[in-house]
Amino acid sequence: MSDTQWPLWEVFVQGNPGIPHKHVGSVHATDAEMAIQNARDVYTRRNEGISIWVVPANTITASSPEDQGAFFEPSNDKAYRHPTFYKIPDGVKYI
Amino acid sequence: MDIQQAKFEYLLRLGDSSLIIGHRLSEWCGHGPILEEDIALINIALDFVGNANSLLTYAAQVEGKNRTADDLAYLRNERDYRNLLLTELPNGDYACTLARQFLYDVYTFYLYEALKNSKDDTIAAIAVKSHKEITYHLRHTTEWIYRLGDGTAESHQRLQTAFNDIWMYVPDLFDMDAVDQLLINEGIAVDLDSIKNSWNKRVNEVILEATLLIPTTAIKQKGSREGKHSEHLGFLLAEMQCIARSYPGATW
């Protein structure tokens, strides 16, 4: 059976100034304005955000599960790439 | 009639309209055309009920007869209700609900904008809070008027019919009486003549942009200021007040 719902949009919400937009879920909508409004109504009713992005789900290109080994495992043994050797100043938030 | 009585009456008019349209919208809960729009519409319904709660709480306080907002909402009969006739009209199909909502949103957008300058501090404070909500309501309904009006032949026809059917209730929106006059002189109420042009302009622009025709009608319905309602309000109140009247004083 074909999907009779409206097109899917992925929703990203920014919780505070200066931090990245985070994926929170998806909504159905016929156009961008409706997607923004639906995202507002579904995902920000409890003071979750200050900014919303919506992206048509079919425009997102994703890696495939088969790529997991080739893509991500080589970084497992390269701890020196992690910035864990720095001290973070007390005043810095959201890292 | 002194200022206190006039203010009580005025607060009932504002509060009852919010309560009744909020209740009407809540009837869509679980029946919206799509999940997201169902949530959106019920959000809007909740805004109205919240606004009604503020206004009726203040009304009860102004009245000074030991009644609460709940008493006013659940224990008054049809003829004591002062909501605009437009707000009590049945939901019909989604086009009817949106046409009704759009006309009311444009109305409250300008009304509450003006009420922010009310010399009554409580009314002004409620207006500031509500106007932010209303700004969103209007944005939401306006988009739907464009979508349905300029959508398919069927959505276009349904929306046109919806506007045609409710157009006779427009005069009731701008009706004024001695209550208004007294409070306008005190700087508390809004002179509805002063927002009428803005309402006409915005409504006409959106209707035309949505490729619809501005309705005309020779029938002019009024009466909400005196509690004269359509046949629909009694049924709505029967449902809305049923629990509170069946179990007086019940709490949870």
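What counts as what
- Residues numbered from 1 in each chain as written.
- Chains lettered and ligands numbered in written order.
- Predicted model: local features only at pLDDT ≥ 70, side-chain atom pairs only at ≥ 80, totals over all residues.
- Helix = DSSP H or I, 4+ residues; strand = E, 2+ residues; numbered from the N terminus.
- Contact = placed C-beta atoms within 7 Å.
- Nonpolar A, V, L, I, M, F, W, Y, C, P; charged D, E, K, R; others polar.
- Expected span 1.5 Å × (residues − 1).
- Pairing = 2+ DSSP bridges.
- Axes fitted to C-alpha atoms, helices over the stretch in contact; angles between N-to-C directions.
- pLDDT = per-residue confidence, 0-100.

*Asks:* Can you help me understand the overall build of chain A in this one?
*Replies:* Broken down by element type, chain A carries two helices and three strands. Counting helices and strands in the order they occur from the N terminus, chain A gives β-β-α-β-α. Along the first, second and third principal axes, the C-alpha atoms of chain A reach 50 × 40 × 15 Å.

*Asks:* What am I meant to see in the interface of chain A and chain B here?
*Replies:* Interfaces are often sized by the accessible area lost when the parts come together. Every contact between the two is made by 11 residues of chain A and, on the other side, seven residues of chain B. Residue assignment for the side of chain A that touches chain B shows that the elements contributing at least two residues are strand S2 (22-28) and helix H1 (32-43) of chain A. Here the element with the most residues in the side of chain A that touches chain B is H1(A); it accounts for six residues. Among the residues forming the side of chain A that touches chain B, the class breakdown is five nonpolar, three polar and three charged.

*Asks:* Where do I start with H1(A) in this structure?
*Replies:* Taking 1.5 Å of rise per residue, the 12 residues of H1(A) would be expected to cover 16 Å, and the 16 Å separating its terminal C-alpha atoms lies within 8% of that figure. Of the surrounding secondary structure, the elements contacted by the buried residues of H1(A) are strand S1 (8-14), S2 and strand S3 (51-56) of chain A together with helix H2 (35-63) and helix H6 (121-149) of chain B.

*Asks:* Quick question: what am I supposed to make of the sheet that holds S1(A) here?
*Replies:* The strands that make up a sheet pair up through hydrogen bonds in the backbone, lying either parallel or antiparallel. Residues and elements named next belong to chain A. Strand order in the open sheet made by the three strands is S2-S1-S3, with antiparallel pairing throughout. Of all the strands in the sheet, the pair left with one neighbour each is S2 and S3. Each strand axis lies, on average, 30° off the axis of its neighbour in the sheet, ignoring direction. The pairing of S1 with S3 spans six bridges and is classified as antiparallel. Its bridge partner lying in S3, Phe-12 is registered against Trp-53. Across the sheet, H1 lies against S1, S2 and S3, angled at about 130° from S3, the strand it touches most.

*Asks:* Quick question: what am I supposed to make of the confidence of the model for chain B here?
*Replies:* Interpreting fine coordinate detail is not advised for predicted regions of low pLDDT. Scored by pLDDT, chain B comes out at a mean of 97, with 100% of its residues at no less than 70. Taken over the whole predicted complex, pTM reads 0.90, whereas the ipTM for its chain interfaces reads 0.77.

*Asks:* Looking at this structure, I do not really get the pairing of S1(A). What am I missing?
*Replies:* Along any regular strand, the residues point their side chains to alternate faces of the sheet. Alignment of S1(A) against S2(A), held across six bridges, turns out to be antiparallel. Bridged to A:Phe12 within S2(A) is A:His23.

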